[in-house]
Amino acid sequence: MGFHPGSDVVAVQRAPKRGPARSLWRIFVETLRGLMTTGARVIEGPVTIQYPEEKVPVYPRFRGRHKLHRFEDTGLEKCVGCSLCAAACPADCIRVVAAENTPEHRVSAGERYAAVYEINLSRCIFCGYCEVACPFDAITMGHDYELSAYERSDLIFTKEMLLAEPIERAPLRREGE
Ligand code: SF4
Ligand code: SF4
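Residues numbered from 1 in each chain as written. Chains lettered and ligands numbered in written order. Predicted model: local features only at pLDDT ≥ 70, side-chain atom pairs only at ≥ 80, totals over all residues.

Colleague: I keep staring at the overall build of the protein and nothing clicks. Help me out?
Modeller: Along the protein, the regular secondary structure elements total five helices and five strands. When contacts within the protein are restricted to residue pairs at least 6 apart in sequence, long-range pairs at least 24 apart make up 69% of them. (Helix = DSSP H or I, 4+ residues; strand = E, 2+ residues; numbered from the N terminus. Contact = placed C-beta atoms within 7 Å.)

So this is what it looks like as structure tokens:
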């Protein structure tokens, strides 16, 4: 079959039809496509962000400042002070001191609650192991990354700080950004 101007018949004819040669061809085409996309981005150049007025948007899976959660209906804390997050933490930066719930003083839905829950964010490596280890989704990693402080002690986040909503919110990237 000959060359048809304005069509991609030639490219299709050159692609092997099946077998390992076809797989190699597909890898080659995908690699080429990736290089061309990256090249196009480099040519576009960097974008200046007017921080701190404008914040750099993060990807949805970005792991930033932690958050402790409550049950929406009862308001009770989800954390039961089991310390599994502390055991999983490779930086040893979580401190949990558990206490018993009583009928007069119920803090969590379980038998116990975290009387003390602290994360030393100056040591945290934002690996997310604590989030994965928690059996009750009591702790999750948020998107907020503005965590600088003048004193190291200010980077020890207490339970009250982790239960509260963050003051500043990092924006999320839109699809395709
Ligand atoms: S993110 Fe990693 S280092 Fe930070 S508190 Fe959780 S487990 Fe520890
Ligand atoms: S945050 Fe989760 S893993 Fe950590 S002490 Fe609380 S319930 Fe246990």
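What follows picks up the thread again.
Colleague: Explanation requested: unusual backbone geometry in the structure shown.
Modeller: What you tend to see is this: most non-glycine residues have negative phi, and most peptide bonds are trans. The omega torsion across Y51 and P52 is 10°, close enough to zero to call that bond cis. As for its position among the elements, P52 is in the loop between helix 2 (20-44) and strand 1 (66-68). Notably, S83 is not glycine yet its phi reads approximately 70°, a positive angle. Secondary-structure assignment places S83 in the loop between strand 1 and helix 3 (84-88). One non-glycine residue, D137, lies in positive phi territory at about 50°. Mapped onto the elements, D137 comes out in the loop between helix 4 (129-133) and strand 4 (139-141).

Colleague: Can you walk me through the sheet that holds strand 3 (residues 112-120) in this structure?
Modeller: Where strands meet in a sheet, backbone hydrogen bonds hold them as pairs that are either parallel or antiparallel. Strand order in the open sheet made by the three strands is 2-3-5, with antiparallel pairing throughout. Only two strands of the sheet have a single neighbouring strand rather than two, namely strand 2 (94-100) and strand 5 (156-157). Pairing geometry for strand 2 and strand 3, over seven bridges, is antiparallel. From the neighbouring strand, E100 faces strand 3, where its bridge partner is R112. (Pairing = 2+ DSSP bridges.)

Colleague: Teacher, can you tell me more about the nonpolar core here?
Modeller: Here is a general trend for soluble globular proteins: nonpolar side chains tend to be buried in one another's company. Of all hydrophobic cores here, the largest spans 19 residues; its most connected members are L68, C79, C85, I94, Y117, C130 and I139. Elements represented by at least two residues in this core include exactly strand 2 and strand 3. Per-element tally for this core: the top contributor is strand 3, with four residues. Non-local contacts of C130, meaning those with residues more than four positions away in its chain, are made with C85, A88, C89, I94 and I139. (Core = buried A, V, L, I, M, F, W, Y, C linked by C-beta atoms within 7 Å. Buried ≥ 20, exposed ≤ 12 C-beta atoms within 10 Å, placed from the backbone.)

Colleague: For this particular structure, what's the right way to read the site of ligand 2?
Modeller: Neighbouring ligand 2 are 14 residues; C79, C82, L84, C85 and C134 lie closest to it. When its residues are assigned to classes, the shell around ligand 2 shows 12 nonpolar, two polar and no charged. (Near = placed C-beta within 6 Å. Nonpolar A, V, L, I, M, F, W, Y, C, P; charged D, E, K, R; others polar.)

Colleague: Looking at this structure, I do not really get the site of ligand 1. What am I missing?
Modeller: Around ligand 1 sit 14 residues, and of these C89, C124, C127, Y129 and C130 come closest. Class assignment for the residues of the shell around ligand 1 results in 13 nonpolar, one polar and no charged.

Colleague: Would you take a moment to explain the confidence of the model for the protein for this structure?
Modeller: Caution applies to low-pLDDT regions: their predicted coordinates should not be interpreted in detail. On average, residues of the protein score 86 in pLDDT, and 84% of them are at 70 or above. Within the model, pLDDT remains below 50 along residues 1-12, and this stretch shows four contacts once partners closer than five positions in the same chain are excluded. (pLDDT = per-residue confidence, 0-100.)

Colleague: Sorry if this is basic, but what is going on with the pairing of strand 3 here?
Modeller: The side chains of a regular strand alternate, residue by residue, between the two faces of the sheet. Note that strand 3 and strand 5 share two bridges and pair antiparallel. Bridged to I119 within strand 5 is F157.

Colleague: What exactly am I supposed to notice about the environment of S153 here?
Modeller: Here S153 is to be found in the loop between strand 4 and strand 5. Taking C-alpha positions, S153 is 8.7 Å from S122, a pair spaced 31 residues apart along the chain.

Colleague: I tried to follow the environment of V107 on my own but got confused; where do I start?
Modeller: If you trace the backbone, V107 turns up in the loop between strand 2 and strand 3. Taking the number of C-beta atoms within 10 Å as the measure of exposure, V107 has 20 and is therefore buried. Taking the C-alpha atoms as reference points, V107 and V80, separated by 27 residues in sequence, lie 8.9 Å from one another. Every residue in contact with V107, bar those within four places of it in the chain, is listed here: L76, E77, N101 and Y113.

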